[in-house]
Amino acid sequence: MSATMPAGRLNLRTLEFAVEEVPVPTPGRGEVLVKVEAAGVCLSDIHLIDGTLRLPGDELETVTLGHEVAGTIAELGEGVPDVFREGQRVLLLAGMACGKCANCVRRRPGCLNGLTRGVQFDGGWAHYTLARTETVYPIPDSLPIEQAAIIPDAVSTPYAAITHTARLRPAQSAGIWGVGGLGAHGVQLLRFAGAAPIIAVDPLASARERALSLGADFALDPMADDFRTQVLAATDGLGLDYAFDFAGVPAVRPQAESVLAREGSLVLVGLSGQALTLPNDTAFSAQRHRVLGHYGGLPVHLEELIKLTGHGRLDFSGSISGHFKFEDAAEAVRQLAEKVNDPIRLVLVP
């Protein structure tokens, strides 16, 4: 093993991103060293680099990015349970508990006080990364490593939004605004969950075509003059039971709320960091509409997705839009930021 390795590093103060040579880390007690075989490039990474996403607790000056990580265990630290072994195929949870706040003390998982991989501690845009054992999930040989890498966010976030936050039931109608890295998986997962009909909404014709190929029943242009009429026609005049904002664009929210059915819910998955406004609170209340916030996923959702994908119930092979070496991470960032060829997920590999 080389003493150093290339890593995609972001200076959290200056927002300068560069691939640098850094020491290969050594696992401490309760940690494993993971040889990274695949790491996803997420829009959240782009927003960290351009400064539009700032998470609480950014105490490091420079951090290795990458919260979607899969690979093999290269070395075990002291005190690691014997369920882990060198050479074992694993994926890593996108974050870990802080271990200090009231939520941790009371065992309330999934709070924002947790630490995010690739933000508050080094992530997986490197040949090797460290992981505490509670964030390490073994994966079966039947689960391709690239698909495993994107599960911790690109797949688990929409999965949790649909099954946990929305608690969508079969035959309920659903709309998805934004058919990018999250929304493309959202379409597939809504199909898997039995939503009917599924309406994808995106201004890009290529994204609408992709949505139809992934299982959407309708794909609409949000700029169309008769947009509301089209949604009502597709839902037998009732409107949507659920409208999922995967775009994180403020203009989406009033449009999505305007086509909800009575007692329908707007689910905020994409983040904009801007104020949430409603055009008419009286109409909102009279129709008994709801706004549901959503953020990431829980460990149980990761476990369920590993099982579902490993047994072939779900297949995300079509989500891998391109591969880049770790040394070329800056180019992967550029292509995703500029939406070159409209990718779903770009993946860094050794």
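Located above this text is the structure these notes cover.
Residues numbered from 1 in each chain as written. Predicted model: local features only at pLDDT ≥ 70, side-chain atom pairs only at ≥ 80, totals over all residues. Heavy atoms only, no water.

(A) Layout of the sheet that holds strand β11 (residues 174–177). Strand order in the open sheet formed by 6 strands is β13-β12-β11-β14-β15-β16, and the pairing between neighbours is parallel. Here the strands that pair on one side only, and so sit at the sheet edges, are β13 (218–220) and β16 (290–293). For this sheet, the mean inter-axis angle between neighbouring strands, taken without regard to orientation, is 20°. Examined bridge by bridge, strand β14 (residues 240–245) and strand β15 (residues 260–268) share 5 bridges and lie parallel to one another. Across the sheet, the residue bridging to Leu240 is Leu260, located in β15. Helix α6 (residues 227–234) contacts β11, β12 (198–201), β13 and β14 of the sheet and is inclined by roughly 170° relative to β13. (Pairing = 2+ DSSP bridges. Helix = DSSP H or I, 4+ residues; strand = E, 2+ residues; numbered from the N terminus. Axes fitted to C-alpha atoms, helices over the stretch in contact; angles between N-to-C directions. Contact = heavy atoms within 4.5 Å.)

(B) A look at the packing of helix α4 (residues 183–193) against helix α5 (residues 205–214). Viewed as axis vectors pointing N to C, α4 and α5 meet at an angle of 25°, and their least axial separation amounts to 9 Å. Considering the angle they form, α4 stands roughly parallel to α5. The two elements α4 and α5 meet at a crossing, and its hand is right-handed. Across the interface between the two elements, Ala184, Val187 and Gln188 from α4 touch Arg210, Ala211 and Leu214 from α5. (Parallel < 35°, antiparallel > 145°, perpendicular 65-115°, else oblique. Left-handed = near helix turned anticlockwise from the far one by under 90°.)

(C) Inspection of the packing of helix α3 (residues 145–165) against helix α9 (residues 299–310) at higher detail. The geometry of α3 relative to α9 is characterised by a closest axis approach of 9 Å and an angle of 115° between their N-to-C directions. Judged on the interaxial angle alone, α9 and α3 are roughly perpendicular. Every pair of crossing elements has a handedness; the one defined by α3 and α9 is right-handed. Together, Gln147, Ile151, Pro152, Val155, Ser156, Tyr159, Ala160, Thr163 and His164 of α3 and His301, Leu302, Glu304, Leu305, Leu308 and Thr309 of α9 make up the contact between the two elements. Along the lines of polarity and charge, the residues of the contact of α3 with α9 split into 8 nonpolar, 6 polar and 1 charged. (Nonpolar A, V, L, I, M, F, W, Y, C, P; charged D, E, K, R; others polar.)

(D) Quick peek at α6. What α6 keeps buried is the set Phe227, Val231 and Ala234. Down the axis of α6, the smallest arc covering the buried residues is 65°, so these residues share one side. Of the residues in α6, the exposed ones pointing more than 90 degrees away from the buried face are Thr229 and Ala233. Buried residues in α6 make contact with β11, β12, β13, β14 and α7 (252–258). Following α6 by one or two positions, Asp236 has its phi on the positive side, about 55°. (Buried < 20%, exposed > 50% of the residue type's maximum accessible area, 1.4 Å probe, protein only. Arc of directions from axis to C-beta.)

(E) Quick look at unusual backbone geometry. In this model, Ala196 is joined to Pro197 through a cis peptide bond whose omega is -5°. Phi at Leu15 takes a positive value of approximately 65°, unusual for a residue other than glycine. As for its placement among the helices and strands, Leu15 is situated in the loop between β1 (4–11) and β2 (17–23). Positive phi values are uncommon outside glycine, yet Arg288 reaches one of about 55°. Residue position: Arg288 is located in the loop between α8 (281–286) and β16.

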